[in-house]
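So the chains spell out like this:
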Amino acid sequence: QVQVVESGGGLVQPGGSLRLTCAASGSIFRMADMGWYRQAPGKHRELVAAIAAGGISNYGDSVKGRFTISRDNAKNTVYLQMNSLKPEDTAVYYCKADAIPSGSLHLYNYWGQGTQVTVSS
């Protein structure tokens, strides 16, 4: 079983910064891509940023140049540094970890419970 836990959300003023952390734990044979998605009220869940085990990353158009994703493979942890935050960044942010659990040959998607980010003055 693999668990994914996010932390670091909160309330921040426009122009401010937040850092989200996501840690995957449990019986993991191999970790593949890790990433962040977000969902605002009344909207579909969208990709914020994702990073492969080798370090290649990609970003949603709305966050390019403001957000930075990074990971620590030894800790199965992914980070999202969010700068120059805007009110439209307000959403629940979810972490997704693609992993092969121990004893399996299949890749599964594991999601965290989400963390609220609110950008407001």
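Quick caveat, the model's predicted, so the values are computed rather than measured.

Definitions and limits used
- Residues numbered from 1 in each chain as written.
- Predicted model: local features only at pLDDT ≥ 70, side-chain atom pairs only at ≥ 80, totals over all residues.
- Heavy atoms only, no water.
- Phe/Tyr/Trp six-rings, centres within 6.5 Å; stacked < 30°, edge-to-face > 60°.
- Buried < 20%, exposed > 50% of the residue type's maximum accessible area, 1.4 Å probe, protein only.
- Lys NZ or Arg CZ within 6 Å of the ring centre and 35° of its normal.
- Helix = DSSP H or I, 4+ residues; strand = E, 2+ residues; numbered from the N terminus.

**Some points on the packing of aromatic side chains**
Step number 1: Applying the stated criterion to the full structure yields two aromatic pairs.
Step number 2: Each ring, one from Tyr-108 and one from Tyr-110, has its centre 6.3 Å from the other, and the planes form 55°; the classification is tilted.
Step number 3: Using a relative accessible area of 37% as the deciding quantity, one classes Tyr-108 as partly exposed.
Step number 4: Across from the ring centre of Tyr-94, 3.8 Å away, lies the NZ or CZ of Arg-45, which sits over that ring.
Step number 5: The side chain of Arg-45 reaches across the aromatic face of Trp-111, ending 4.7 Å from its centre.

**Considerations on the environment of Ser-84**
Step number 1: Along the chain, the position of Ser-84 falls in the loop between strand E8 (77-82) and strand E9 (91-101).
Step number 2: Judged by its relative accessible area of 41%, Ser-84 is partly exposed.
Step number 3: Residues Ser-84 and Gly-65, 19 residues apart in the sequence, show an inter-C-alpha distance of 9.4 Å.

On their own, these measurements won't tell you what the molecule is for.
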